[in-house]
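# A closer look at the structure
Here is what each chain is made of, one letter per residue.
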Amino acid sequence: MELKVKAVYDPGFLPMVKYVDEYASDVQKAEHQKIAISVVRNQGYTHTLKMDAFKDGVADERNCKVVERIVKTFLWVYGGYKIIISGSKVIYDAIAKAYAKGGARDFDNGFMSGVYERPFEVQYIENVDDAPESHESANPVGRHLDGCRIGFDAGGSDVKVSAVIDGESVYSEEIVWHPKTQTDPSYHFNGIRNAMLKAAEKMPRVDGIGVSSAGVYIDNRAMVASLFIKLSEEDKIKCQNIYLDVAKTIGKDIPIEVANDGDVTALAGAMDLNDNCVLGIAMGTSEAGGYVDQNGNITGWLNELAFVPVDMNPDAMVDEWSGDVGCGVKYFSQDSVIKLCPAAGIELDDSLTLAEKLKYVQNLHAAGDPRTPGIYETIGVYFGYQIAYYAKFYDIRHVLIMGRVTSGQGGQLLLQKAQEVLNTEYPELAKKIQLHIPDENSRRVGQSVAAASLPVIKK
């Protein structure tokens, strides 16, 4: 498999998109069959892909390898507590084994069952024509600017709260807090409530509350959130409804919408660009994602891109959390910069934190060190190919990249290399997709207004 644009510091890089495309091409040259892959999430929302695979018995190992990677992509892009494989018992058996409790994808099993509060399962349907049809949420979320609204953006070190009247921010404040070190859930509740009350005081009434918060939110409930990392398991469960509970103290029956901060970032970008089909990627301590669809809506998908496969090289770096190899967290985060340093000939002090190691490399780059451009160029190559892979699952017109890895000159170099990959390998996508690095200050202001726009106000 030949790459037209090389990853200078990672010669073994085997892009997921190239591997899948080569597989699809080879399938057409051999005996093949139709299969379907489905994932089911909350409220029965379903996403189904029908595709050609080698006929059972022709290339079973290759079939199972590719389908498993696509299943994993489905789970972390769309979310789901149930996988349905239709049309191939051989592939079903392999997927059921991998995603069983205690199997190779035990992490995925446990995470999804926790998020959706349902036992994780893998189901087989013999006839591919009986596979469930895709069924997605059609409810518009965001871009509602009428009335008096509170916009709340919860970060790990500060919260930003805004009072927004008919789309105009009349008050905005950043308030320092330390949720990740607190063991008492009343700290979180009071911090959120007090900030919202400050915004409420600046308006004649509160018609709606929109919240942007890191984590996984299902039906406005915090299913996984790093803000509550120090709480006991019992208190974490109590905090699942924390935003709903706070809203009740602000006023009776005030509509509230809670969304992942990545989705709200994408929404803010879409509002700024006055366009839709926006994929936002944050490259920081991990890789975070968010998406606004062709109708300008937040989809309710999981968009946890840190666990989406990027690299099919079996010797790729292992993600310590999930135990899997070749996934986004090791390619689009500070981990990626650090892992490429040995190839660049850069020695890092082991006593430094990960953030300090990243800063050290950024300082070298700013000082003109000739070894550092190859790091950002390699990440740019990763990203260009991965955009082409993401485009198989998202309808994309704009990609926004942000986060500490993209700050400074390195971010521009990364973006240029990603654009080179698209121009060279995927010219049709290059014509369709625009890459952007938004201004941090305008993004932060836009974030709170976008959050405020989430709920629909009942007339």
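Before going into details, it helps to say that this report is about the structure given with it. These figures come from a predicted structure and were not determined experimentally.

Before going further, it helps to examine the side chain of D263. Structurally, D263 is set in helix α8 (residues 261-273). No salt bridge is formed by the buried D263, whose closest oppositely charged neighbour, R41, lies at an N-O distance of 9.7 Å.

Right, let's get into the sheet that holds strand β14 (residues 398-402). Note: strands within a sheet are paired through backbone hydrogen bonds, in either parallel or antiparallel orientation. Spatially, the four strands line up as an open sheet ordered β13-β12-β14-β15, and their pairing is mixed. This sheet does not close on itself; its edge strands, each paired only once, are β13 (287-292) and β15 (434-436). The average undirected angle you get between the axes of adjacent strands in this sheet is 15°. Of the pairings in the sheet, the one linking strand β12 (residues 278-283) to β14 comprises five bridges and is parallel in character.

Before going further, it helps to spend a moment on the pattern of salt bridges. A full pass over the atoms with the stated rule returns 30 salt bridges. Here E425 makes a salt bridge to K18, at a shortest N to O gap of 3.1 Å. Here E425, found in helix α12 (residues 409-425), pairs with K18, found in helix α1 (residues 16-28); they are 407 residues apart in sequence, far enough to count as distant. Judged by its relative accessible area of 16%, K18 is buried. A salt bridge links K431 to E428; the shortest N-O distance between them is 3.3 Å.

Before going further, it helps to examine the sheet that holds strand β4 (residues 121-125). The strand order β2-β1-β3-β4 describes an open sheet built from four strands, whose pairing is mixed. In this open sheet, the two strands that pair with only one neighbour each are β2 (46-54) and β4. Across the sheet, the axes of successive neighbouring strands diverge by a mean angle of 20°, strand direction being ignored. In the packing of α1 onto the sheet, the strands contacted are β1 (32-40) and β2, and the crossing angle to β2 comes to about 55°. Across the face of the sheet, helix α2 (residues 60-78) comes into contact with β1, β2 and β3 (82-86) while running at roughly 165° to β2.

Moving on, we get to the nonpolar core. Grouped together as the largest cluster of nonpolar side chains are 102 residues, with contacts concentrated most on I375, F383 and Y394. At 11 residues, the largest contribution of residues to this core is made by helix α11 (residues 373-390). Not counting chain neighbours up to four residues away, the residues in contact with Y394 comprise V77, L279, Y291, W301, N303 and L305. In terms of nonpolar packing, the next biggest core, distinct from the first, is built from 33 residues, F152, M196, A222 and I256 among them.

Let us look at unusual backbone geometry. Positive phi outside glycine occurs at Q43, with the angle close to 60°. You can see Q43 is positioned in the loop between β1 and β2. The exposure class assigned to Q43 is exposed, which follows from its relative accessible area of 53%. Despite not being glycine, N220 shows a phi value in the positive range, around 70°. With respect to the secondary-structure elements, N220 resides in the loop between β9 (216-218) and β10 (221-224). Judged by its relative accessible area of 15%, N220 falls in the buried class.

Here we take up the environment of N276. Tracing the sequence through the fold places N276 in the loop between α8 and β12. Between the C-alpha atom of N276 and that of G296, which follows or precedes it by 20 residues, the distance is 5.2 Å. Among all residues touching N276, those that are not within four sequence positions of it are R143, V292, D293, Q294, N295, G296, R397 and H398. Side-chain polar atoms of N276 contact the side chain of R143, separated by 2.6 Å. From its side chain, N276 meets the backbone oxygen of Q294 in a polar contact 3.2 Å long.

This part takes up helix α10 (residues 354-366). In this model α10 runs 18 Å from its N-terminal to its C-terminal C-alpha over 13 residues, within 8% of the 18 Å that 1.5 Å per residue would give. Every buried residue of α10 is accounted for by K357, L358, V361, Q362, L364 and H365. Burial along α10 is one-sided: seen end-on, the buried residues are contained in an arc of 155°. Contact partners of the buried residues in α10: α9 (334-344), α11 and α12. Positive phi appears at G368, one or two residues downstream of α10, with a value of about 85°.

Calculation rules
- Residues numbered from 1 in each chain as written.
- Predicted model: local features only at pLDDT ≥ 70, side-chain atom pairs only at ≥ 80, totals over all residues.
- Heavy atoms only, no water.
- Helix = DSSP H or I, 4+ residues; strand = E, 2+ residues; numbered from the N terminus.
- Buried < 20%, exposed > 50% of the residue type's maximum accessible area, 1.4 Å probe, protein only.
- Lys, Arg positive; Asp, Glu negative; His and termini not counted.
- Salt bridge = Lys/Arg side-chain N within 4 Å of Asp/Glu carboxyl O.
- Pairing = 2+ DSSP bridges.
- Axes fitted to C-alpha atoms, helices over the stretch in contact; angles between N-to-C directions.
- Contact = heavy atoms within 4.5 Å.
- Core = buried A, V, L, I, M, F, W, Y, C linked by side-chain atoms within 4.5 Å.
- Polar contact = N/O pair within 3.5 Å; in protein donor to acceptor, adjacent residues only side chain to side chain.
- Expected span 1.5 Å × (residues − 1).
- Arc of directions from axis to C-beta.

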